[in-house]
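Summary of the model geometry
Listed here are the chains, written in short residue letters.
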Amino acid sequence: MDTPVDTTAGTPATRVIVMGVSGSGKSTIGALVADAMGFPFLDGDSLHPLANIHKMAAGIPLDDSDRWPWLEIVGDELANTKAAGIVIACSALKRSYRDVIRAKAPDTIFLHLDGSLEVLGSRLEGRSGHFMPPALLASQLATLEPLGKDENAVVIDISASITELLAQAVAGIELAAAR
Ligand SMILES: Nc1ncnc2c1ncn2[C@@H]1O[C@H](COP(=O)(O)OP(=O)(O)OP(=O)(O)O)[C@@H](O)[C@H]1O
Ligand SMILES: O=C(O)[C@H](O)[C@@H](O)[C@H](O)[C@H](O)CO
């Protein structure tokens, strides 16, 4: 007998993590990408346990044990979406952090907003009203592990304008989602 075709199966959701160090533009570009693609946007900063926010605001870098529970929450949000897609801003600095997310949502696309110390530093110095002190940038860069070739990756250079980055991000995500 022929295997029945499941006509109720829809296209899988497009799950995107906008990753990178502090000041790379995750919140800014992530919100715009989500809006352009018609997906909900979640800022990973709002998913941190409060203790993590207090720690960063005090100028103390998070360690692995601070980040594990937060990454589980991020992964759950991706995996449980009922929308056609979802975009979450989350630093996801180490490969092992991305593995936690992938364990929950294996098809996640990681969009890395990549930039030099100089560009990142000037973006952070120009930002006001944010809990994250620019002094933590060095530890963020020291922790960052670039995406591997085997990861579902899109990498863009943040030195371009916001309009240009939005176009590059959407094009890259659409390509990755079609792979
Ligand atoms: N392409 C760009 N050109 C100029 N300014 C930018 C660009 N992208 C982001 N910015 C500005 O840089 C600053 C940092 O961006 P944003 O807050 O989105 O970074 P972030 O990665 O979410 O940081 P954090 O992880 O600390 O929350 C903001 O003031 C934002 O307006
Ligand atoms: O992993 C981390 O150290 C944190 O996620 C930070 O990256 C902050 O959340 C963010 O950069 C500040 O907004």
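Since we're looking at a predicted model, the values are computed, not measured. (Residues numbered from 1 in each chain as written. Chains lettered and ligands numbered in written order. Predicted model: local features only at pLDDT ≥ 70, side-chain atom pairs only at ≥ 80, totals over all residues. Heavy atoms only, no water.)

**Concerning the packing of helix H3 (residues 64-79) against helix H4 (residues 95-104)**
For the record, the criterion: Angular values range over 0 to 180 degrees, each being the angle between N-to-C directions of two axes fitted as lines to C-alpha atoms, with helices fitted over their stretch in contact. By the criteria applied, helices consist of DSSP H or I runs no shorter than four residues and strands consist of E runs no shorter than two, each listed in order from the N terminus. Left-handed describes a crossing whose near helix is turned anticlockwise from the far helix by less than a right angle; the clockwise case is right-handed. The criterion used for residue contact is that any of the two residues' heavy atoms lie within 4.5 Å. Note that Gly is not counted as nonpolar here; it falls among the polar residues with everything else outside the nonpolar set of Ala, Val, Leu, Ile, Met, Phe, Trp, Tyr, Cys and Pro and the charged set of Asp, Glu, Lys and Arg.
Where H3 contacts H4, the axes come no closer than 8 Å and their chain directions differ by 30°. The hand of the H3/H4 crossing is right-handed. Where H3 abuts H4, its residues Asp64, Arg67, Trp68, Leu71, Glu72, Val74, Gly75, Asp76, Leu78 and Ala79 lie against Ser96, Tyr97, Val100, Ile101 and Lys104. Class assignment of the residues belonging to the contact of H3 with H4 gives a composition of 8 nonpolar, 2 polar and 5 charged.

**Overview of the site of ligand 2**
This is how the line gets drawn: For this purpose, a residue is taken to be near a molecule or strand whenever a single non-hydrogen atom of the residue falls within 4 Å of it. Polar contacts, as used here, are pairs of N or O atoms within 3.5 Å; protein pairs need one atom able to donate a hydrogen and one able to accept it. Residues neighboring in sequence count only if both atoms are side-chain atoms. In short, Shrake-Rupley with a 1.4 Å probe defines the accessible areas, and a residue's cover is counted only from the protein chains shown.
The environment of ligand 2 is made up of 13 residues, and the closest members are Asp45, His48, Arg67, Ser91 and Gln140. Contact distances for ligand 2 include 2.6 Å between an oxygen atom and a side-chain N or O atom of Asp45. In this structure, His48 approaches ligand 2 through a side-chain N or O atom, which is 3.1 Å from an oxygen atom. Taking 330 Å² as the accessible area of ligand 2 by itself, protein coverage stands at 96%. Of the residues in the shell around ligand 2, the class split is 5 nonpolar, 5 polar and 3 charged.

**Observations concerning the packing of helix H1 (residues 26-37) against helix H7 (residues 162-178)**
Counted only if it meets this: Put simply, angles under 35 degrees are roughly parallel, angles over 145 are roughly antiparallel, angles from 65 to 115 are roughly perpendicular, and the rest are oblique.
It is at 10 Å that the axes of H1 and H7 come closest, and there the two elements cross at 60°. The angle between H1 and H7 falls in the class oblique. Of the two possible hands of crossing, H1 and H7 adopt the one that is right-handed. On the side of H1, the interface is formed by Thr28, Ile29, Leu32, Val33, Ala36 and Met37, while H7 contributes Ile162, Leu165, Leu166, Ala169, Val170, Ile173 and Glu174. Partitioned by chemical class, the residues of the contact of H1 with H7 number 11 nonpolar, 1 polar and 1 charged.

**Quick look at the site of ligand 1**
If you check the shell around ligand 1, you find 17 residues, and the closest are Ser22, Lys26, Ser27, Thr28 and Arg127. Between ligand 1 and the protein, one listed contact pairs an oxygen atom with a backbone N or O atom of Ser24 at 3.3 Å. Here a nitrogen atom of ligand 1 sits 3.3 Å away from a polar atom, N or O, in the side chain of Arg123. About the coverage of ligand 1: the protein hides 80% of its 630 Å² of free accessible area. For the shell around ligand 1, the secondary structure elements donating two or more residues are H1 and H7. Here the element with the most residues in the shell around ligand 1 is H1; it accounts for 3 residues.

**As for unusual backbone geometry**
In plain terms, the rule: Three labels apply to residues, based on accessible area from a 1.4 Å probe with only protein chains included: buried if under 20% of the type maximum, exposed if over 50%, partly exposed otherwise in between.
For Ala92, which is not glycine, the phi torsion reads 45° and is therefore positive. Residue placement: Ala92 occurs in the loop between strand E3 (85-89) and H4. Judged by relative accessible area, Ala92 falls into the buried class, the value being 0%.

**Quick look at the packing of aromatic side chains**
How we decide: Planes of paired rings set the category: under 30 degrees apart is stacked, over 60 is edge-to-face and the rest tilted, where pairs are Phe, Tyr or Trp rings (Trp by its six-membered ring) whose centres lie within 6.5 Å.
Throughout the structure, instances matching the rule amount to 1 aromatic pair. A ring pair is formed by Trp68 and Tyr97, whose centres lie 5.4 Å apart and whose planes are at 90°; its orientation type is edge-to-face. Taken as a pair, Trp68 in helix H3 and Tyr97 in helix H4 lie far apart in primary sequence, 29 residues in all. With a relative accessible area of 1%, Tyr97 lands in the buried category.

**What to know about the pairing of E3**
Threshold: In short, DSSP must find at least two bridges between two strands for them to pair.
Burial runs high along E3: 5 of the 5 residues are buried. Of the two faces of E3, the one lined by Gly85, Val87 and Ala89 and the one lined by Ile86 and Ile88 are each fully buried. As defined by bridge partners, strand E1 (residues 14-19) adjoins E3 across 5 bridges and the pair is classed as parallel. Each residue of the ladder has a partner; that of Arg15, found in E3, is Ile86. Note that strand E2 (residues 41-43) and E3 share 3 bridges and pair parallel. Bridge pairing in E3 places Leu42 opposite Ile88.

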